[in-house]
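Here's the letter readout for the chains.
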Amino acid sequence: MPLSFPTLGLYSTAFIASALLTRRIVTRLQLSRAKHRSLTGHARMSRQLAKWLPFYEYDEAHFFAVDGAPPHIVERRRSAFYELGKQLADKHTKSIAWSKQTAPYVSDMQFVSRYRVPYQFSRLVREHLPLGSALASSQGVTVTDLDGNTFYDLTGSYGVNVFGYDFYKGCIETAVAEAGALGPVLGGYHDSLQYNVKRLCELSGMEEVSFHMSGTEAVMQAVRLARYHTKRRYLVRFCGAYHGWWGDVQPGVGNPQMARDTYTLKDMHAASLKVLRTRKDIACVLINPLQALHPNQNAPGDSSLLDSSRNANFDRAAYTEWLQQVRQVCSERGIVLIFDEVFMGFRLGLRGAQDYFGIQADMVTYGKTVAGGLPIGVVCGPQRLMQRFDEKHPANICFARGTFNSHPYVMTAMRAFLKALVDEPFVQQIYATLDVWDRRANELNTRLRDAQLPIQVRNMSSVWTVTFTQPSRYNWMLQYYLRREGLALSWIGSGRFIFSLNYTQEDFAAVSTRFISAAQQMQADGWWWQKAGMTNKSIKRQLLKEMLAAKFQRRAQ
Ligand SMILES: Cc1ncc(COP(=O)(O)O)c(C=O)c1O
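For the structure given in this document, a descriptive report is provided here. (Residues numbered from 1 in each chain as written. Predicted model: local features only at pLDDT ≥ 70, side-chain atom pairs only at ≥ 80, totals over all residues. Heavy atoms only, no water.)

### Quick notes on the overall build of the protein chain
Then comes step 1: When you go through the protein chain residue by residue, the secondary structure sums to 20 helices and 14 strands.
Then comes step 2: A compact globule built from 557 residues should have a C-alpha radius of gyration of about 24 Å, and the protein chain, at 26 Å, falls within 12% of that.
Then comes step 3: A buried classification covers 53% of the 557 residues belonging to the protein chain.
Then comes step 4: A total of about 26100 Å² of accessible surface is found on the protein chain, and carbon and sulfur atoms cover 56% of it.
Then comes step 5: Each charge sign in the protein chain was given a centre, from 66 positive and 46 negative side chains, and these centres are 10 Å apart. (Helix = DSSP H or I, 4+ residues; strand = E, 2+ residues; numbered from the N terminus. Rg over C-alpha atoms; globule rule 2.2 N^0.38 Å. Buried < 20%, exposed > 50% of the residue type's maximum accessible area, 1.4 Å probe, protein only. Areas by Shrake-Rupley, 256 points an atom, 1.4 Å probe, with all protein chains shown as cover. Lys, Arg positive; Asp, Glu negative; His and termini not counted. Charge placed at Lys NZ, Arg CZ, Asp CG, Glu CD.)

Written out as C-alpha cells, the structure reads:
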C-alpha cells in the first residue's frame, strides 16, 4: 500500500529526530573519551569527592609509623622530627613569632600553612615544625629573613623573578623616578605606555595590547574576547593546567560553583583533537606551556604527596608536535588559540613559548615578570579579536575596565623591563645559554644517583620538580630538611623550584650540595625506610581504607 503524505511526513520527522539524537550521543561520547581518566580530568566528580572526603588525622602514636616501620625506625623519625622543629625554632625565632602573631588575621597564611603537607599529617607539622613567613631583604639569588638567616631562593616569587631580584629593584627605582612627575594619576596614560605596546606587539607578533592587573584578569579578558568574536560559549583547557583562579578556568576543586562553560580535555591526546574538530560551540583553547613538564597533572604541591607517584617528563619534540596539531585544528575550526604565557613568557626566551615551540597563537597573555616586578596582566592579539565593539550593532560591546589598568608606575617599570631585554648584554647572555638548566638538572641527578638517594629532579628549563623513586608516605618531609639547609621554597614545597636565570654555576653548586645534604639527612633519619612489598598502589589502598573508616565512624556517631 502506498504511504500517504501525512505518514511520510511522520517517518521523515522521526528519521531526522533520531539522526539528531544519534549525533548528540556521538558528540557526547567523544567528549567523554577526551576526558582524562584521573579525577583531575573530571571536574564534577572531583568536587563531589572533595565534599565526601572526611577529615581525619594521625595522632602522635601513628604519625611516625603509618607505613608499618619497626620501633627503632619510628623512634629515629620521632627524635629527628622534634630536633628539626627545635632547630628551626631556634634559628628563626623572630620570623616564627611574627608569623604566629599575624596568621590569625590573614586567611592566606592560614590556608597555605594548612596545605603544606598531606592533611593527615598537617596538625602535628604545624605545631612542631613552625616556619617563618616574613622576609627582610633580598640580594643576588638569596633572601634574608627577620632573624638574618639567608636562603638560596628557589621560590622565584611565583615565577616573577626571571632575572634576579636586583634587576627588578632597578626596574622599580627607574619606574619611580620616571613616573614621579605624574604620580598615581589614572584615566590618562603615562607616555611610557607607547613604548610598551610597540615592544609587546613586536615580541608577541600581535597588533594590539590591553593591560590588566593580574594574570587571572588577562586570561579572563582573552577568553571573553574570544567568546565575543566567535559567538561561541565554551573554553577548552587541558587537564591540570593552571590559568589563574577565575571560575571558568577552575572548574574543579577550589571553586564552589560548577563552571558550566568549560571543557577540560586530555592534554596531548587525539581524542581531544577530535572534540575540537567536531564541536561547533568552542570559542577558544587555552595553552599553559608549563604543562609540557607534567601533562594532565595539577601543579605538583607537597600536600598531594601521599605516595611517590608524582611524575614529570618534559619532551620538547612531542609537545611541539602536539601544539602543531592543536594549531591546525583551531585554524580549521575558527577556534581562538590562546597561549597563556603568564608563567613561562620571558623565561624560555625573548619571544616566549610561541617562539620556543615555533607556533603562532591567536592571542597571548603575559603577566608576572613583564612589569619589572609590579602587578600586571597583559593580553596581546590581532585587531580582529581585540576590538571591543561591533561596528554594525552599537549596543553589542565587550566590556573590560579596571581602576588600576595602565598605572603609571607599572608602565614605567614595564618600560625598564622591556628596554633591558634589548639593551642589557647580561640578558642576551642568559638567553643564549639557557640549555645550562638541562645540564644542571642532569648533573644533580647523577649526584643523587651516586649517593643512592631515592629522588630525582625533572625540569622544563629553569622550572624544576622533585620526583621520588621508591614508594614512601613521608616524601613531604623533604621540604623541611631543605629549609634547614637554607633553601627557600614556596608553600607548594618540593613540587616546584623556580630558579632565577642569574644563578651562577657557583650558586647552583651550593644549592646542589645543600640539596644532597638535606636528602642524606632525611634518609639517615629513617623517613625513607621501606617495607618489603610496599608500592604506590598499596599506599593508595591503605589510604582508601583509612578514609572509609573515618567516614563510617562519623556516620556511626
Ligand atoms: C599560566 C598562568 N596563568 C595565569 C596565572 C594567574 O596569574 P595571577 O596570579 O597574576 O593572577 C598564573 C599564575 O600562576 C599562571 O601561571
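### Description of a nonpolar patch on the surface
Then comes step 1: Taken together, Phe15, Ile16 and Leu20 make up a surface patch of nonpolar side chains, about 340 Å² in accessible area.
Then comes step 2: Considering the arrangement of structural elements, one finds phenylalanine 15 in helix H1 (residues 5–33). (Patch = residues over 30% accessible without salt bridge, like charges linked within 9 Å, V, L, I, M, F, W, Y side chains within 5 Å. Salt bridge = Lys/Arg side-chain N within 4 Å of Asp/Glu carboxyl O.)

### A look at the nonpolar core
Then comes step 1: One finds Phe163, Leu200, Val285, Val378, Phe417, Ile455 and Phe515 to be the most contacted residues of the largest nonpolar core, which totals 131 residues.
Then comes step 2: With eight residues, the single largest contributor to this core is helix H15 (residues 408–423).
Then comes step 3: Counting 19 residues, the second-largest nonpolar core is a separate cluster that includes Val219, Ala222, Met363 and Val379. (Core = buried A, V, L, I, M, F, W, Y, C linked by side-chain atoms within 4.5 Å.)

### Looking at the sheet that holds strand S3 (residues 150–153)
Pairing between the strands of a sheet is mediated by backbone hydrogen bonds and can be parallel or antiparallel.
Then comes step 1: Reading across from one edge, S1-S2-S3-S13 is the order of the four strands in this open sheet, with mixed pairing throughout. On the outer flanks of this sheet lie strand S1 (135–139) and strand S13 (487–488), each paired with one strand and no other.
Then comes step 2: One ladder, built from four bridges, connects S1 with strand S2 (residues 142–145); its direction is antiparallel. Residue serine 138 lies in a different strand from S2, and its bridge partner there is valine 143.
Then comes step 3: Contacts from helix H8 (residues 165–179) reach S1, S2 and S3, with the element oriented near 100° to S1. (Pairing = 2+ DSSP bridges. Contact = heavy atoms within 4.5 Å. Axes fitted to C-alpha atoms, helices over the stretch in contact; angles between N-to-C directions.)

### Focus: the site of the ligand
Then comes step 1: Around the ligand, the structure places Ser214, Gly215, Thr216, Tyr242, His243, Gly244, Asn288, Asp340, Val342, Phe343 and Lys368.
Then comes step 2: Aspartate 340 is positioned with one of its side-chain polar atoms (N or O) 2.7 Å from a nitrogen atom of the ligand.
Then comes step 3: Protein contact buries 82% of the 390 Å² of open area that the ligand shows by itself.
Then comes step 4: Taken together, the residues of the shell around the ligand break down into three nonpolar, six polar and two charged. (Near = heavy atom within 4 Å. Polar contact = N/O pair within 3.5 Å; in protein donor to acceptor, adjacent residues only side chain to side chain. Nonpolar A, V, L, I, M, F, W, Y, C, P; charged D, E, K, R; others polar.)

### Considerations on helix H4 (residues 71–91)
Then comes step 1: Its 21 residues place the ends of H4 30 Å apart at the C-alpha level, agreeing with the 30 Å of an ideal helix rising 1.5 Å per residue.
Then comes step 2: The set of residues buried in H4 consists of Ile73, Val74, Arg77, Arg78, Ala80, Phe81, Leu84, Gly85 and Leu88.
Then comes step 3: Summarising the contacts, the buried residues of H4 are in contact with helix H3 (60–63), helix H5 (93–102), helix H7 (119–128) and helix H18 (478–484). (Expected span 1.5 Å × (residues − 1).)

### Things to note about unusual backbone geometry
Then comes step 1: For tyrosine 158, which is not a glycine, the phi torsion comes out positive at approximately 60°.
Then comes step 2: Structurally, tyrosine 158 can be placed in the loop between S3 and H8.
Then comes step 3: Given the relative accessible area of 51%, tyrosine 158 is considered exposed.
Then comes step 4: Even without being glycine, asparagine 296 reaches a positive phi, approximately 70°.
Then comes step 5: The residue asparagine 296 is located in the loop between strand S7 (282–287) and helix H12 (316–333) in this model.

These values are about where atoms sit, not about what they do.
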